[in-house]
Amino acid sequence: MADFKKAFQILEKWEGGYSNHISDTGGETYKGITRKNYPKMSFW
């Protein structure tokens, strides 16, 4: 399990938080989840 925790910490640096970068075709993204694919998530 220690390997998962270490990997998650690294992943969270890149996929953590909110992003809406113009060059990202995924559009609005929060923690790696795109709004256009999951519009009903409670954090939108």
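Here is a short report on the structure shown in this document. Fair warning: this is a prediction, and the values are worked out from it, not measured in the lab. (Residues numbered from 1 in each chain as written. Predicted model: local features only at pLDDT ≥ 70, side-chain atom pairs only at ≥ 80, totals over all residues. Heavy atoms only, no water.)

## Side note on the packing of aromatic side chains
Step number 1: Overall, the coordinates contain three aromatic pairs when judged by the stated rule.
Step number 2: Ring centres of Phe4 and Phe8 lie 6.0 Å apart, and the angle between their planes is 20 degrees; on these two criteria the pair is classed as stacked. Here Phe4 and its partner Phe8 are both found in helix α1 (residues 2-15), four residues apart, which amounts to about one turn of the helix.
Step number 3: Of the residues examined, Phe4 reaches a relative accessible area of 53% and is grouped as exposed.
Step number 4: Given the relative accessible area of 38%, Phe8 is considered partly exposed.
Step number 5: Here Phe43 and Trp44 contribute two aromatic rings whose centre-to-centre distance is 5.1 Å and whose plane-to-plane angle is 65 degrees, an arrangement assigned as edge-to-face. (Phe/Tyr/Trp six-rings, centres within 6.5 Å; stacked < 30°, edge-to-face > 60°. Helix = DSSP H or I, 4+ residues; strand = E, 2+ residues; numbered from the N terminus. Buried < 20%, exposed > 50% of the residue type's maximum accessible area, 1.4 Å probe, protein only.)

Scope: geometric values only; no functional claims are made or implied.
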